Amino acid sequence: MSSGAQDLVAMVKAKNPAEPEFHQAVQEVVESVWPVIEKNPAYRKARILERLVEPERVILFRVPWTNDRGEICVNRGFRIQMNSAIGPYKGGLRLHPSVNLGILKFLAFEQVFKNSLTTLPMGGAKGGSDFDPKGKSDDEVMRFCQSFMSELYRHINQFTDVPAGDIGVGGREIGYLFGQYKKLTNRFEGVLTGKGRNWGGSLIRPEATGYGAVYFAGEMLGTKGQTLQGKTCLVSGSGNVSQYTVEKLIHLGAKAVTLSDSNGCIHDPAGIDTKKLAWVMDLKNVRRGRIEEYAKQFRGSEYTPIERGATSNPVWDIKADCAFPSATQNEINGKDAQNLLRNGVGLVAEGANMPTTPEGVDLFLQKKILYGPGKAANAGGVATSGLEMSQNSLRMSWSREEVDGHLGRIMKSIHKSCVEASAAYGMAGNYVAGANIAGFVKVADAMLDQGIW
Ligand code: NDP
């Protein structure tokens, strides 16, 4: 890294202590875009990077709620409004006990570049809470969501900031949040995406992140004259992104053989077919059970728990052609990356945000495998949220085919932007550099146009 880039990263670390995920995300982007900064003195003069690493606004609030035993619980709520240069803030809400300021800042920072890549007019944000929905009743989740929205509603609306789902926030939570927003404001508007079909939601939104990651993988394979047909694929996680990744892999003739959660992973060498996937969807989305149950249900499959303090994840130590990390950040470390490469994996398409540690990323880039970073590969979710916003504004609803067609074209265009941007800076085939540069230039130019703010 050049000394200017090093100084900037050091400044971010000093100013934002104890936020390692934010440091990691900033370092990767700064490294990638530094050649662009050096070529364009206007960006440097306008201090674009220094402004990009500082959120426009951080909202932190108390979320008190009452559990089913009548006890009062207190969680912390956040919304990071990172950058609005190219559109209203847009990004998901995460409910998970690991949520803290640094994790949400990394996610909001990544979101700025991802949203820029989609070609749609959306700024970047992220929010959530350290509330753990696991083991909570529907009523408890509702009371939490209502309390969370009782503060958040002051800071969002269809033109300012449009949150969506992320880990722990699916259709149920979006429904409770929307109901409370409507009650408090007396406005029925497209203030959240991922809404139910009968009240402003878009077809294909639930599927979009997983489908998009698979479309992106197909585009990467296309550069080598290959397709997904017949490929064996590892998928981690078992939530929204994982489920629809598996569904699209099945559609395209590939074989998904794994799923996981934070306790362990299942391996089904025969492949997860449509029937088994429907069972998983019921397990996770309705019964809210653990993936371990899969191995009891389907013969020939095997469950491996993740030991506490383990230095590698068993889901990445299985022979396969492709990997789709779709659970959480830093789920592939250096050792996991080595295991994947040793087992013959030649493509990694990230459904999750920043699932690979810097050591893992370096290995993938050194070995020149097809490596699609989350910013590009999982942008289909937010892109389709953008399409939901368009439909809400038009007061129309498009068909499945129409939305899926848009999604396919957007993923193609993101792939093309990555390929062109990396080639323009002498890093052909490096999708990390390509995604960061292409995402950055659009936001930086908008910031130049809009003066100092
Ligand atoms: P869900 O809540 O539906 O599912 C999350 C899955 O990941 C669960 O299987 C969960 O297991 C597992 N998981 C979560 N945290 C951890 C952890 N610390 N260690 C191991 N496993 C974990 O979330 P989504 O599918 O929506 O999100 C998955 C990833 O995709 C996230 O990185 C998210 O930011 C990203 N993403 C999601 C988008 C969307 O549209 N939903 C859009 C773009 C990116 P368990 O039940 O044990 O917690």
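The shown structure was predicted, so the numbers you read here are calculated from the model rather than taken from an experiment. (Residues numbered from 1 in each chain as written. Predicted model: local features only at pLDDT ≥ 70, side-chain atom pairs only at ≥ 80, totals over all residues. Heavy atoms only, no water.)

**Observations concerning the packing of helix 8 (residues 205-222) against helix 9 (residues 240-251)**
Thinking step 1. For the pair helix 8 and helix 9, interaxial distance at closest approach is 7 Å and the crossing angle is 55°. Judged by the inter-axis angle, helix 8 sits oblique to helix 9. Considering only the axes of helix 8 and helix 9, their crossing is right-handed. Packed against helix 8, whose contacting residues are Pro 206, Glu 207, Thr 209, Gly 210, Tyr 211, Val 214 and Tyr 215, the element helix 9 presents Asn 240, Val 241, Tyr 244, Thr 245, Glu 247, Lys 248, Leu 249 and His 251 at the interface.
Thinking step 2. Its residues assigned to classes, the contact of helix 8 with helix 9 comprises seven nonpolar, five polar and three charged. (Axes fitted to C-alpha atoms, helices over the stretch in contact; angles between N-to-C directions. Helix = DSSP H or I, 4+ residues; strand = E, 2+ residues; numbered from the N terminus. Parallel < 35°, antiparallel > 145°, perpendicular 65-115°, else oblique. Left-handed = near helix turned anticlockwise from the far one by under 90°. Contact = heavy atoms within 4.5 Å. Nonpolar A, V, L, I, M, F, W, Y, C, P; charged D, E, K, R; others polar.)

**Focus: the domain arrangement of the protein chain**
Thinking step 1. The domains assigned to the protein chain are domain 1 (3-187) and domain 2 (208-372).
Thinking step 2. If you average the C-alpha positions of domain 1 and of domain 2, the two centres end up 26 Å apart.
Thinking step 3. With 13 residues of domain 1 at the interface, the matching set in domain 2 holds 12 residues.
Thinking step 4. Each partner contributes to the roughly 970 Å² buried at the junction of domain 1 and domain 2, and carbon and sulfur atoms together form 46% of this total.
Thinking step 5. The largest share of the area that domain 1 buries against domain 2 comes from Gln 24, Phe 106 and Arg 172, three residues that together contribute 42% of it.
Thinking step 6. Inspection of the domain 1/domain 2 interface yields zero salt bridges.
Thinking step 7. At the surface where domain 1 touches domain 2, the tally comes to three residue pairs in polar contact (both at pLDDT 80 or more).
Thinking step 8. The element best represented in the side of domain 1 that touches domain 2 is helix 5 (residues 101-117), accounting for four residues.
Thinking step 9. Its residues assigned to classes, the side of domain 1 that touches domain 2 shows five nonpolar, one polar and seven charged. (Domains from an automatic or database assignment. Buried area = accessible area lost by both parts, 1.4 Å probe. Salt bridge = Lys/Arg side-chain N within 4 Å of Asp/Glu carboxyl O. Polar contact = N/O pair within 3.5 Å; in protein donor to acceptor, adjacent residues only side chain to side chain.)

**Regarding the environment of Pro 206**
Thinking step 1. Position of Pro 206 among the secondary structure elements: in helix 8.
Thinking step 2. We classify Pro 206 as partly exposed; its relative accessible area is 39%.
Thinking step 3. Sequence separation between Pro 206 and Ala 377 is 171 residues; the distance between their C-alpha atoms is 16 Å.
Thinking step 4. Beyond its immediate sequence surroundings of up to four residues, Pro 206 is in contact with Asn 240 and Tyr 244. (Buried < 20%, exposed > 50% of the residue type's maximum accessible area, 1.4 Å probe, protein only.)

**Quick look at unusual backbone geometry**
With the exception of glycine, most residues fall at negative phi, and the peptide bonds are largely trans.
Thinking step 1. Within the chain, Arg 288 stands out as a residue other than glycine whose phi angle is a positive 55°.
Thinking step 2. Structurally, the position occupied by Arg 288 is in the loop between helix 10 (274-286) and helix 11 (292-297).
Thinking step 3. In this structure Arg 288 comes out as partly exposed when scored by relative accessible area, which is 44%.
Thinking step 4. Phi at Met 354 is positive, roughly 45°, even though this residue is not glycine.

**Re the site of the ligand**
Thinking step 1. In the neighbourhood of the ligand, 24 residues make up the surrounding shell, with Asp 166, Thr 209, Ser 262, Arg 290 and Asn 353 lying closest.
Thinking step 2. At 3.0 Å from an oxygen atom of the ligand is found a side-chain nitrogen or oxygen belonging to Arg 205.
Thinking step 3. Arg 290 is positioned such that a nitrogen or oxygen atom in its side chain is 2.6 Å from an oxygen atom of the ligand.
Thinking step 4. In the complex, the protein chains occlude 84% of the 890 Å² of accessible area that the ligand would expose alone.
Thinking step 5. Every element with two or more residues in the shell around the ligand is listed here: helix 8, helix 9 and strand 8 (258-261).
Thinking step 6. For the shell around the ligand, the residue count by class is four nonpolar, 14 polar and six charged. (Near = heavy atom within 4 Å. Areas by Shrake-Rupley, 256 points an atom, 1.4 Å probe, with all protein chains shown as cover.)

**Details of the pattern of salt bridges**
Thinking step 1. This model, assessed by the stated rule, comprises 23 salt bridges.
Thinking step 2. When the shortest N-O distance is used, the salt bridge between Arg 143 and Asp 68 registers 2.7 Å. Highlighted residues: Arg 143 in helix 6 (residues 138-152) and Asp 68 in the loop between strand 1 (57-66) and strand 2 (72-83), separated in sequence by 75 residues.
Thinking step 3. The partly exposed category is assigned to Arg 143, whose relative accessible area is 26%.
Thinking step 4. Two residues, Arg 290 and Asp 261, come together in a salt bridge whose shortest N-O distance is 3.4 Å. With Arg 290 in the loop between helix 10 and helix 11 and Asp 261 in strand 8, this pair connects stretches of sequence that are 29 residues apart.

**Here's the deal with the sheet that holds strand 12 (residues 347-349)**
Thinking step 1. Here five strands make up an open sheet; going across it, the order is 7-6-11-12-13 and the pairing parallel. Each having just a single partner strand, strand 7 (255-256) and strand 13 (370-372) make up the two edges of the open sheet.
Thinking step 2. One ladder, built from two bridges, connects strand 11 (residues 322-324) with strand 12; its direction is parallel. Within strand 12, the position partnered with Ala 323 by the bridge is Val 348.
Thinking step 3. Relative to the sheet, helix 8 contacts strand 11, strand 12 and strand 13, its axis offset from that of strand 12 by approximately 150°. (Pairing = 2+ DSSP bridges.)

**Focus on empty space enclosed by the protein**
Thinking step 1. Applying the stated criterion across every chain yields a total of two cavities of 30 Å³ or more.
Thinking step 2. Taken together, Glu 28, Glu 110, Glu 350, Met 354, Thr 356, Tyr 371, Pro 373, Gly 374 and Lys 375 make up the full set of residues lining the largest cavity.
Thinking step 3. Here the second largest cavity is characterised by a volume of approximately 40 Å³.
Thinking step 4. What lines the second largest cavity is Leu 93, Leu 95, Gly 128, Phe 144, Cys 145, Phe 148, Val 169, Glu 173 and Leu 177.
Thinking step 5. Sorting the residues of the lining of the second largest cavity by element identifies strand 3 (89-95), helix 6 and helix 7 (171-185) as the ones contributing at least two each. (1 Å grid on protein atoms, 1.4 Å probe; cavity = no way out; pocket = protein on both sides within 12 Å on 5 of 7 lines; lining within 4 Å. Points joined across faces, edges and corners; volume = space filled by probe spheres on them.)

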